[in-house]
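Residue-level structural notes
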Amino acid sequence: MTMKQALSLLVGASLCLPLAACRQKTDLPEVTSASVTVATEAVPPETTVQTVPETQALTMPELSDSSFVPVTDYIPDMLVELKYASQDNFTGQTIYEFEDAFARFGTVKKLAEVQESLHEVGLGLKIWDAFRPVAAQFRLWEVCPDDTYVADPRKGYSNHSRGNAVDVALVDLEGREVEMPTQFDDFSGKADRNYADCTETAADHARLLQDVMQKHGFVPYYGEWWHFADEEKYPVEEVFEPVRRTQYRVKGQEAVLWAEPDEQSQVVTLLSEGEDLEVLGWYADYALVRFGAVRGYTQKANLEPVS
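Calculation notes
- Residues numbered from 1 in each chain as written.
- Predicted model: local features only at pLDDT ≥ 70, side-chain atom pairs only at ≥ 80, totals over all residues.
- Heavy atoms only, no water.
- Core = buried A, V, L, I, M, F, W, Y, C linked by side-chain atoms within 4.5 Å.
- Buried < 20%, exposed > 50% of the residue type's maximum accessible area, 1.4 Å probe, protein only.
- Helix = DSSP H or I, 4+ residues; strand = E, 2+ residues; numbered from the N terminus.
- Contact = heavy atoms within 4.5 Å.
- Polar contact = N/O pair within 3.5 Å; in protein donor to acceptor, adjacent residues only side chain to side chain.
- pLDDT = per-residue confidence, 0-100.
- Phe/Tyr/Trp six-rings, centres within 6.5 Å; stacked < 30°, edge-to-face > 60°.
- Arc of directions from axis to C-beta.
- Expected span 1.5 Å × (residues − 1).
- Pairing = 2+ DSSP bridges.

Counting residues in each nonpolar core, the largest one holds 51 residues, and the members touching the most others are Leu125, Leu170, Leu209 and Met213. Those elements that provide at least two residues to this core are helix H2 (71–74), helix H3 (105–119), strand E4 (123–129), helix H4 (134–143), strand E5 (165–172) and helix H5 (200–215). Ranked by residues supplied to this core, first place goes to H5 with seven residues. Excluding residues within four positions of it along the chain, Leu209 makes contact with Leu125, Val168, Leu170, Met180, Trp225 and Phe228.

This is the structure we're talking about:
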């Protein structure tokens, strides 16, 4: 089955999920699409406009749901603004260096459903944080050792380190953020899912986001309106490490590009000596690379950096 066929079968799935927090269980009021009014006010002129990508999704073999993939490989119009890849976060420091939002393939398929549903009402998603390596979680704890705000990695990891959690906000189809209860990582009471202390427009947007995410298999965290975890659990990932995109070339002899970091997985293509490619991350003895219109894994030993 192709990726396009798989997503077509999944589109429109509607799951009524019990509400449970990612870090604690908390009952939330029921939200239905009928109770949500989408605001149509003009976005303030100071709002930053981001151009929505017009590229096409990569043609790739079907992967296991646990595989890590860059979200925009399969949802090209998904906006990504990783707050922890810059100093624009509550720590004021860069927590990780990579630029791409990664998640489990099963989670990305659900995000594709969410994106399609939101497009029907003239909206879309922006990702503020997705997969967060274990090293980054320790870094966050080093900067802010307060489990009120940061999961203590010595006691257990955030779902972000499982690759099945995302921090998201709503944008219009031109990439402009719409009004939400707070900005990202606001640790005041306004960030929770009791929307009595924010504007009606912000509350409507937050309820709409929650409603659509839940219908497609995500569980909200009560304390942060932006945080959702896939109901499908995955183990904490301690091997895969995304990196800032770096140019490498194939050395020695022809190299194989596999769909997954496993020589028994499907062969995507063959790489000739001297061909340039882009490394997106490392997985044990493998490199996750993008080569033209395809992406896959090859042995690290096959590569050398382009000076």
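Inspection of the secondary structure puts Arg295 in strand E13 (residues 294–299). Note on Arg295: relative accessible area 0%, which makes it buried. A polar contact is formed between the side chain of Arg295 and the side chain of Asp73, at a distance of 2.6 Å.

Take the confidence of the model for the protein chain next. Residues with a pLDDT of 70 or more make up 80% of the protein chain, whose mean pLDDT is 84. For the stretch residues 1–55, pLDDT sits under 50, and the model shows 96 contacts to residues farther than four places along the chain or on other chains.

Evaluation of the coordinates by the stated rule reveals 19 aromatic pairs. With centroids separated by 5.1 Å and ring planes inclined at 25°, the aromatic side chains of Phe68 and Phe240 adopt a geometry described as stacked. With a gap of 172 residues between them, Phe68 in strand E1 (residues 68–70) and Phe240 in the loop between strand E7 (227–230) and strand E8 (241–250) connect regions that are remote in the sequence. Pair check on accessibility: Phe68 and Phe240 agree, each one buried. When the ring of Phe98 is compared with that of Phe102, the centres are 6.5 Å apart and the planes differ by 75°; the resulting orientation is edge-to-face. Each member of the pair Phe98 and Phe102 is classed as buried.

Attention now moves to H4. Those residues of H4 that fall on the buried side of the exposure criterion are Val134, Ala136, Gln137, Leu140 and Trp141. What you see down the axis of H4 is that its buried residues fit within an arc of 160°, all on one side. Turned more than 90 degrees from where H4 packs its buried face, Ala135 and Glu142 sit exposed.

For the rest of this paragraph, the subject is H3. Each turn of an α-helix holds 3.6 residues, which means side chains three or four residues apart point in the same direction. The end-to-end C-alpha separation of H3 is 21 Å, in line with the 21 Å expected for 15 residues at 1.5 Å each. The buried fraction of H3 is high, at 12 of 15 residues. Along H3, the residues classified as buried are Phe105, Gly106, Thr107, Val108, Lys109, Lys110, Leu111, Ala112, Glu113, Val114, Gln115 and Leu118.

This brings us to the environment of Asp262. For Asp262, the position within the fold is in the loop between strand E9 (255–258) and strand E10 (267–271). For the pair formed by Asp262 and Tyr297, sequence separation is 35 residues and the distance between their alpha carbons is 8.1 Å. Polar contacts involving the side chain of Asp262 include one to the main-chain amide nitrogen of Gln264, which spans 2.9 Å.

Buried residues dominate strand E12 (residues 286–291), accounting for six of its six residues. Where burial is concerned, the two faces of E12 agree: the one with Tyr286, Leu288 and Arg290 and the one with Ala287, Val289 and Phe291 are both buried. Relative to E12, strand E11 (residues 276–283) is paired through five bridges, and the arrangement is antiparallel. When the bridges of E12 are listed, Glu278 appears paired with Arg290.

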